[in-house]
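Fold and contact review
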Amino acid sequence: MAVIYRITNMANDHFYIGSAESFERRTWQHKYALRRGEHKNPRLQAAWNKYGEEMFVFEVLETLQDGAHTLQIEDSYLMKHVGDPKCYNINPLATAPRLGVVLTEATKAAISRARVGKHAGANHYRYGKQVSPEVRAKIGDTQRGKPKAPGRKVSAEGLAKIRANIEAGRSHKHWVGRTHTDEARAKMSAPVVARAPDGMETIYASITELRSALGLKPPTVNRALKSGVPLTKGPRAGWSFRYVVQ
């Protein structure tokens, strides 16, 4: 279950806020990176190095309901605390954590040099370790007979249809014989507003025109329009889209 969590430095009450689908797993990820001196947040890493692991407490602040927009809720916490001298977080937007940050070529080269071989050979956390026969048997017993993708198993009828399409040369023509609804056509032809990270807005006559102008694929634009959340990665990170209210 998704949560909003906090890492508190008991030595001075400074803290770091984040969100996670699994609190236990995220706690492990933080500790793993911090113990290796590789945490992405330099403030938290420096404090960890100075005060020691035993001074940091991990706790859940809020348990979120299924379907909740986790990153947007995290944003509400970050916008409230980022800027406070006690807050280790740097960026007030979890939905766009790298917004406005551009790495120089020298920085990219330095990062590359620091990472090469970091987790290879003797540096890998599993180096020299073997899984015992008992553990192998346990893993096999828990996985044996389970479908690899629960709920997505193709029925015999579906397999027959797929084979028929392949034989007919239509394996990738999933839209053959189908048409868009009037509602879908109206959405595709409706004007759309694209908002850049700097706040500048541009109106496009249709989604097709927007995709062509910004070089975006249909799923990317469709998801952004449906969620209302800015893009978090790619060349258009930080951009958001909405239909023109008519």
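Refer to the structure printed above.
Here is a short report on the structure shown in this document. (Residues numbered from 1 in each chain as written. Predicted model: local features only at pLDDT ≥ 70, side-chain atom pairs only at ≥ 80, totals over all residues. Heavy atoms only, no water.)

1. Section: unusual backbone geometry
Phi angles above zero are rare outside glycine, and aspartate 13 is one such case at about 65 degrees. By secondary structure assignment, the location of aspartate 13 is in the loop between strand S1 (3-9) and strand S2 (14-20). (Helix = DSSP H or I, 4+ residues; strand = E, 2+ residues; numbered from the N terminus.)

2. Some thoughts on the packing of aromatic side chains
In this structure the tally under the stated criterion is three aromatic pairs. With a centroid separation of 6.2 Å and an interplanar angle of 50 degrees, the aromatic rings of tyrosine 5 and phenylalanine 23 are classed as tilted. With tyrosine 5 in strand S1 and phenylalanine 23 in helix H1 (residues 23-35), this pair connects stretches of sequence that are 18 residues apart. Here tryptophan 48 and phenylalanine 56 contribute two aromatic rings whose centre-to-centre distance is 5.2 Å and whose plane-to-plane angle is 35 degrees, an arrangement assigned as tilted. With relative accessibility at 6%, the residue tryptophan 48 sits in the buried group. Positioned above the aromatic ring of tryptophan 239 is the side chain of arginine 236, whose terminal nitrogen or guanidinium carbon lies 5.3 Å from the ring centre. (Phe/Tyr/Trp six-rings, centres within 6.5 Å; stacked < 30°, edge-to-face > 60°. Buried < 20%, exposed > 50% of the residue type's maximum accessible area, 1.4 Å probe, protein only. Lys NZ or Arg CZ within 6 Å of the ring centre and 35° of its normal.)

3. Things to note about the sheet that holds S1
In a beta sheet, neighbouring strands are held together by backbone hydrogen bonds and run either parallel or antiparallel to one another. Strand order across the open sheet formed by three strands is S2-S1-S3, with antiparallel pairing between neighbours. In this open sheet, the two edge strands, each paired with only one partner strand, are S2 and strand S3 (56-63). Across this sheet, the average inter-strand angle for adjacent strands is 25 degrees, counted without regard to direction. Across the sheet, H1 lies against S1, S2 and S3, angled at about 150 degrees from S3, the strand it touches most. (Pairing = 2+ DSSP bridges. Axes fitted to C-alpha atoms, helices over the stretch in contact; angles between N-to-C directions. Contact = heavy atoms within 4.5 Å.)

4. Let's talk about the nonpolar core
Ranked by internal contacts, the top residues of the largest apolar core, which has 14 residues, are Ala194, Leu210, Leu214, Leu216 and Phe241. At the level of elements, strand S4 (192-195), helix H8 (207-214) and helix H9 (218-227) are the ones that each hand at least two residues to this core. The residues touching leucine 210, leaving out its near neighbours within four places in the chain, are Val192, Ala194, Tyr204, Leu216, Val221 and Phe241. Membership of the second largest hydrophobic core comes to 13 residues, among which are Val3, Ala20, Leu34 and Ala47. (Core = buried A, V, L, I, M, F, W, Y, C linked by side-chain atoms within 4.5 Å.)

5. Some remarks on the side chain of asparagine 41
Relative to the assigned elements, asparagine 41 resides in the loop between H1 and helix H2 (42-51). We classify asparagine 41 as buried; its relative accessible area is 6%. A polar contact is formed between the side chain of asparagine 41 and the backbone nitrogen of arginine 43, at a distance of 3.0 Å. Of note is the side chain of asparagine 41, whose polar atom sits 2.9 Å from the backbone nitrogen of leucine 44. Once residues lying within four places of it in the same chain are set aside, the contact partners of asparagine 41 are Tyr16, Tyr88, Asn89 and Ile90. (Polar contact = N/O pair within 3.5 Å; in protein donor to acceptor, adjacent residues only side chain to side chain.)

6. Let's talk about the packing of H1 against H2
At a minimum axis separation of 10 Å, H1 and H2 run at an interaxial angle of 70 degrees. Compared by their axis directions, H1 and H2 come out roughly perpendicular. Both H1 and H2 take part in a crossing whose hand is right-handed. On H2, the residues that touch Lys31, Ala33, Leu34 and Arg35 of H1 are Leu44, Gln45 and Trp48. (Parallel < 35°, antiparallel > 145°, perpendicular 65-115°, else oblique. Left-handed = near helix turned anticlockwise from the far one by under 90°.)

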